[in-house]
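Take a look at the letters that make up each chain.
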Amino acid sequence: MPLVTTTEMFKKAYDGGYAIGAFNVNNMEIVQGITEAASELNSPVILQVSAGARKYAKHVYLMKLVEAAIADTAGIPIALHLDHGGDFEICKACIDGGFSSVMIDGSSKSFEENIALTKQVVEYAHAHGVVVEGELGKLAGIEDAVNVKAEDASYTNPAEVEEFVTRTGVDSLAIAIGTSHGAYKFKPGQKPQLRFDILEEVSRRLPGFPIVLHGASSVPQDLVKVINECGGAMPNAIGIPEEMLRQAAGMAVCKINIDSDIRVAMTAAIRKHMLENPSHFDPRQYLTPARAAVKSMVAHKISDVLGSAGKA
Ligand code: G3H
Ligand code: 13P
Ligand code: ZN
């Protein structure tokens, strides 16, 4: 099966009360770990590429890795998505370069500027058979290309969503309900909370419309412990409780973005391997457990959190 858009997978996910995992890819081991897990569990999956990933690995290498994964996994629906496209040019490059979905992230702009930019991307994307994710509201957190201080973050205003979706023509909408990017989502002692009331109000105003949750890693504490015990330093790394993600997946959320948990899984595996095998210097020796850690993390998400196993 060639790359697919997210249209069909979101419709089934919305109706079925589950969500599709959107996992960030940066290299071969990550692509293989994710797609092997999705394939074995017969789950649809979204592979997403950030501007930082395109800079690190180059567009053509990522494209070829995904093509290879499609050939190797025969049959499950796979979408290739641009994560946090910052301007029209990067969206156009990914549309022209074979992606089936792009995100235009105009969340740092004014409402009117966000609408104008998103509409421009939607017109180009739809003319090329590609779907578009927009964003309203600002998530906190730090990644290569996304850096929003907690005080600058703001929840999505449900009163704006109908106008945004109608005027832009977007196919899905990312909203801010208290998740954030990276591995430090809450302060120690702080009770993790998401604004499910906002999600409910958004879905009431946009019936049947797929909602996207960014910043949805759970930062498993057993893996943080391994990292910290094997020479790492990730004090107070805290994520979103999985129970909250299950709840969101049962509501209008059809796409759940996970990157940090893959990073944590790989780092824990590599640090443990290096500590236990100080003489190893062949990258295959430590990238083999790293790839296996990605696969088991993604399998866990699909089976126990997203509910997308068997839905391919
Ligand atoms: O939300 C951002 C993703 O986790 C990608 O992160 O920009 O460091 O590749 P990155
Ligand atoms: P995490 O940092 O929580 O994995 O979020 C990833 C993300 O939202 C990618 O767009
Ligand atoms: Zn994101």
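Before any of the text, the structure's been laid out above.
Residues numbered from 1 in each chain as written. Chains lettered and ligands numbered in written order. Predicted model: local features only at pLDDT ≥ 70, side-chain atom pairs only at ≥ 80, totals over all residues. Heavy atoms only, no water.

## Focus: the site of ligand 2
Around ligand 2 sit 17 residues, and of these Asp83, Lys185, Ser217, Asp259 and Ser260 come closest. A distance of 2.8 Å is found between an oxygen atom of ligand 2 and a backbone nitrogen or oxygen belonging to Gly215. Between an oxygen atom of ligand 2 and a side-chain N or O atom of Ser260, the distance comes to 2.7 Å. If you list the elements that add at least two residues to the shell around ligand 2, you get β3 (78-85), β9 (180-181) and β11 (253-258). Of the residues in the shell around ligand 2, the class split is two nonpolar, eleven polar and four charged. (Near = heavy atom within 4 Å. Polar contact = N/O pair within 3.5 Å; in protein donor to acceptor, adjacent residues only side chain to side chain. Helix = DSSP H or I, 4+ residues; strand = E, 2+ residues; numbered from the N terminus. Nonpolar A, V, L, I, M, F, W, Y, C, P; charged D, E, K, R; others polar.)

## Considerations on the side chain of Thr118
Topologically, Thr118 is positioned in helix α6 (residues 111-127). Residues within four places of Thr118 in sequence aside, it is in contact with Ile104, Phe164, Thr168 and Val170. (Contact = heavy atoms within 4.5 Å.)

## Here's the deal with the pattern of salt bridges
A full pass over the atoms with the stated rule returns 21 salt bridges. Across the pair Glu242 and Arg246 runs a salt bridge whose closest N-O atoms are separated by 3.7 Å. Separated by four residues within a single helix, Glu242 and Arg246 lie in helix α10 (residues 242-249), roughly one turn from each other. The buried category is assigned to Glu242, whose relative accessible area is 19%. With a relative accessible area of 32%, Arg246 lands in the partly exposed category. (Salt bridge = Lys/Arg side-chain N within 4 Å of Asp/Glu carboxyl O. Buried < 20%, exposed > 50% of the residue type's maximum accessible area, 1.4 Å probe, protein only.)

## Some points on helix α1 (residues 7-16)
Inspection of α1 places Met9, Phe10 and Ala13 among the buried residues, and these make up the whole buried set. Along the axis of α1, the buried residues cluster in a sector spanning 95°; they form a single face. Turned more than 90 degrees away from the buried face of α1, the exposed residues are Glu8, Lys11 and Asp15. Contacts from the buried residues of α1 go to β1 (20-24), β2 (45-49), β3, β8 (172-175) and β11. (Arc of directions from axis to C-beta.)

## Quick look at the nonpolar core
Formed by 74 residues in total, the largest nonpolar core has its most connected members in Ile34, Val102, Leu173, Leu199, Ile211 and Ile256. If one sorts the elements of this core by residue count, helix α12 (residues 283-306) sits on top with six residues. Ile256 has contacts with Ala19, Ile20, Gly21, Ala22, Leu213, Ala216, Leu245, Ala249 and Leu306, leaving out every residue within four places of it along the chain. If you look at the next biggest cluster of nonpolar residues, it comprises 13 residues, including Val264, Ala265, Ala293 and Met297. (Core = buried A, V, L, I, M, F, W, Y, C linked by side-chain atoms within 4.5 Å.)

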